[in-house]
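Single-letter residue listing:
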Amino acid sequence: MKAWVVRHLGGPETLRFEDVEAGAPADGMVRIAIRASAINYFDALMVAGQYQVKPELPFVPGVEISGVVESAPAGSAFKKGDRVTALVDSGGLTRGGYAEITDATPATVQRLPDAMPFDDGAGFTLIFQTAWFGLHRRANLRPGETLLVHAGAGGVGSAAIQLGKAAGATVIATAGSDEKTAVCLKLGADHAINYKTQDFAEEVKGMTGGRGADVIFDPVGGDVYDRSTKCIAFEGRIVIVGFTSGRIPQAAANHVLVKNYSVVGLHWGLYSRRAPELLPAANAALMDLYASGKIKPLISARVPLVEAPKALAMVAGGKSTGKVILTV
Ligand SMILES: NC(=O)c1ccc[n+]([C@@H]2O[C@H](COP(=O)([O-])OP(=O)(O)OC[C@H]3O[C@@H](n4cnc5c(N)ncnc54)[C@H](OP(=O)(O)O)[C@@H]3O)[C@@H](O)[C@H]2O)c1
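Notes on the packing of helix 3 (residues 125-138) against helix 10 (residues 279-291)
Here is step 1 of the chain: Where helix 3 meets helix 10, the closest approach of the two axes is 10 Å, and the angle between their N-to-C directions is 110°. Accordingly, the angle class assigned to the pair helix 3 and helix 10 is roughly perpendicular. Regarding helix 3 and helix 10, the two cross each other, and that crossing is right-handed. Seen from helix 3, the contacting residues are Phe128, Gln129, Trp132 and Phe133; seen from helix 10, they are Leu279, Ala282, Asn283, Ala285, Leu286 and Leu289.
Here is step 2 of the chain: Split into classes, the residues belonging to the contact of helix 3 with helix 10 amount to eight nonpolar, two polar and no charged.

This is how it looks when you write it as structure tokens:
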């Protein structure tokens, strides 16, 4: 089978398209013929060796796939031919998503609803689960509150806009270009601000009668976090999701105290280890929202597997909107 292999850490150009001997799957693993694989921003960090998860070399990147089961362990809930989505762990040469075949542990595999195409299936779980846990579990977003979503045209941002609207919030989104603010509005945001050309903190205060946003969803960090503290409402919650700006900001404890707000962290991947019992309910709620047409992954590009490095560079450079999906 063909797979993109990381033998040396670096940029997307270090990936090599190789013939990999898949062999038989390890005991207990579900073997899946991949049909679609999502590119995530952190794939680029992993390929560069800058992510908190550092697989041993060589490895195949990509953690989020959908496809068809080729074989499953006896007694598992799956059988050959099932349409599924799975989260894989990028460890070794048959556990990554930028490939034709992958092996997944049964606990990370889910059946795809008939009405969900493979590309939606591959691009669904991570962004929507992250936004769900950020908004509902960590920030307790309530109907009628004002939600500010940074980088609203990106993967997790596009999910947060849709979930914010589904939860009955007023949603203000920021993005780095006028094309991207238009994307945010199309996703349902009530207002969108180009944070490269406007001071979003002043804009948000103006839109909320000086009160600020009750919840701020921040995948960007750096200066964006710093300015967010200027427009967070009394008893507001800033959810720290990521640092695509490249700078990890410092939270000033005195400012948190005097303005009476909370800064909460979100590491969605940790829930599968520390509180896996919370995942099925979130998944069921998300699938219901998908079935009712209230949420859908924004897929901006479908790229053949053979062009994976180009697609990864696009995401890493902040040039993409929503999800970029590799098709196999
Ligand atoms: N905490 C968690 O559990 C969790 C889960 C999933 C993802 N994440 C993290 O969330 C962040 C966003 O992930 P994503 O999948 O939504 O990524 P994405 O689709 O690539 O979107 C990231 C957005 O960040 C903005 N950005 C600002 N400065 C940037 C820069 N210097 N380089 C690239 N982008 C920049 C860009 O939007 P503008 O052009 O509009 O500024 C870009 O579209 C990443 O840090 C990722 O690791 C965290």
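Examining the packing of aromatic side chains
Here is step 1 of the chain: What the rule picks out here adds up to five aromatic pairs.
Here is step 2 of the chain: For the pair Phe124 and Tyr290, a centre-to-centre distance of 5.7 Å together with 85° between the ring planes defines the contact as edge-to-face. Note that Phe124 is positioned in the loop between helix 2 (118-122) and helix 3 and Tyr290 in helix 10, a separation of 166 residues in sequence.
Here is step 3 of the chain: With a relative accessible area of 13%, Tyr290 lands in the buried category.
Here is step 4 of the chain: Each member of the aromatic cluster is reached from another via a ring pair, and the members are Phe124, Phe128 and Tyr290.
Here is step 5 of the chain: Cation over ring: Lys2 sits above Phe17, and NZ or CZ is 5.3 Å from the ring centre.
Here is step 6 of the chain: Across from the ring centre of Phe118, 4.7 Å away, lies the NZ or CZ of Arg83, which sits over that ring.

A closer look at the sheet that holds strand 8 (residues 146-149)
Here is step 1 of the chain: Taken together, the six strands give an open sheet; going across it, the order is 10-9-8-11-12-13, and neighbouring strands pair in parallel fashion. Edge positions in the open sheet fall to strand 10 (191-194) and strand 13 (262-265), since each of these has one partner strand only. For this sheet, the mean angle separating the axes of adjacent strands, direction not counted, is 20°.
Here is step 2 of the chain: Bridge count for strand 12 (residues 232-240) against strand 13 is four bridges, and the pairing is parallel. Each bridged residue has a counterpart across the sheet, and for Ile240 the counterpart in strand 13 is Gly265.
Here is step 3 of the chain: Most of the contacts of helix 5 (residues 178-186) go to strand 10, to which it runs at about 165°, and overall it touches strand 9 (170-175) and strand 10.

Comments concerning the side chain of Asn194
Here is step 1 of the chain: Structurally, Asn194 is set in strand 10.
Here is step 2 of the chain: A distance of 2.9 Å separates the side chain of Asn194 from the side chain of Asp178, its partner in a polar contact.
Here is step 3 of the chain: Of the polar contacts made by the side chain of Asn194, one reaches the backbone nitrogen of Lys196; its length is 2.8 Å.
Here is step 4 of the chain: With near-sequence residues (within four places) excluded, Asn194 lies in contact with Ala175, Gly176, Ser177, Asp178 and Thr181.

Concerning the packing of helix 3 against helix 4 (residues 155-166)
Here is step 1 of the chain: At a minimum axis distance of 8 Å, the contact between helix 3 and helix 4 shows a crossing angle of 55°. Classed by the angle they form, the pair helix 3 and helix 4 counts as oblique. The two elements helix 3 and helix 4 meet at a crossing, and its hand is right-handed. Contacts between helix 3 and helix 4 pair Ile127, Phe128, Thr130, Ala131, Trp132 and Leu135 from the former with Gly155, Val156, Ser158, Ala159, Ala160, Gln162, Leu163 and Gly164 from the latter.
Here is step 2 of the chain: Residues of the contact of helix 3 with helix 4, tallied by class, amount to nine nonpolar, five polar and no charged.

Considering the site of the ligand
Here is step 1 of the chain: In the region of the ligand, 26 residues are neighbours, and Gly176, Lys180, Tyr195, Leu266 and Trp268 sit closest.
Here is step 2 of the chain: Within the backbone of Gly155, an N or O atom sits 2.8 Å from an oxygen atom of the ligand.
Here is step 3 of the chain: Measuring from an oxygen atom of the ligand, one finds a side-chain N or O atom of Thr244 at 3.0 Å.
Here is step 4 of the chain: For the ligand, the accessible surface in isolation is 910 Å², of which the surrounding protein chains cover 86%.

Observations regarding the pairing of strand 4 (residues 64-71)
Here is step 1 of the chain: Burial analysis of strand 4 places six of its eight residues in the buried class, the great majority of the element.
Here is step 2 of the chain: Relative to strand 4, strand 3 (residues 30-39) runs antiparallel, the two sharing seven bridges. By the bridge assignment, Ala33 is partnered in strand 4 with Val68.
Here is step 3 of the chain: For strand 4 and strand 5 (residues 83-87), the ladder comprises five bridges, and the chain directions are antiparallel. Residue Glu64 lies in a different strand from strand 5, and its bridge partner there is Leu87.

Concerning helix 10
Here is step 1 of the chain: The first and last C-alpha atoms of helix 10 sit 18 Å apart over 13 residues, in line with the 18 Å expected at 1.5 Å per residue.
Here is step 2 of the chain: Within helix 10 the residues assigned to the buried category are Leu279, Ala282, Asn283, Leu286, Met287, Leu289 and Tyr290. On an axial view of helix 10, the arc spanned by its buried residues comes to 160°, and they lie on one face. Exposed and facing more than 90 degrees away from the buried side of helix 10 are Pro280, Ala281, Asp288 and Ala291.
Here is step 3 of the chain: On its buried side, helix 10 packs onto strand 7 (109-111), helix 2, helix 3, helix 4 and helix 9 (269-274).
Here is step 4 of the chain: The positive-phi residue at the C-terminal boundary of helix 10 is Gly293, with phi of around 80°.

About the cut-offs
Residues numbered from 1 in each chain as written. Predicted model: local features only at pLDDT ≥ 70, side-chain atom pairs only at ≥ 80, totals over all residues. Heavy atoms only, no water. Axes fitted to C-alpha atoms, helices over the stretch in contact; angles between N-to-C directions. Helix = DSSP H or I, 4+ residues; strand = E, 2+ residues; numbered from the N terminus. Parallel < 35°, antiparallel > 145°, perpendicular 65-115°, else oblique. Left-handed = near helix turned anticlockwise from the far one by under 90°. Contact = heavy atoms within 4.5 Å. Nonpolar A, V, L, I, M, F, W, Y, C, P; charged D, E, K, R; others polar. Phe/Tyr/Trp six-rings, centres within 6.5 Å; stacked < 30°, edge-to-face > 60°. Buried < 20%, exposed > 50% of the residue type's maximum accessible area, 1.4 Å probe, protein only. Lys NZ or Arg CZ within 6 Å of the ring centre and 35° of its normal. Pairing = 2+ DSSP bridges. Polar contact = N/O pair within 3.5 Å; in protein donor to acceptor, adjacent residues only side chain to side chain. Near = heavy atom within 4 Å. Areas by Shrake-Rupley, 256 points an atom, 1.4 Å probe, with all protein chains shown as cover. Expected span 1.5 Å × (residues − 1). Arc of directions from axis to C-beta.

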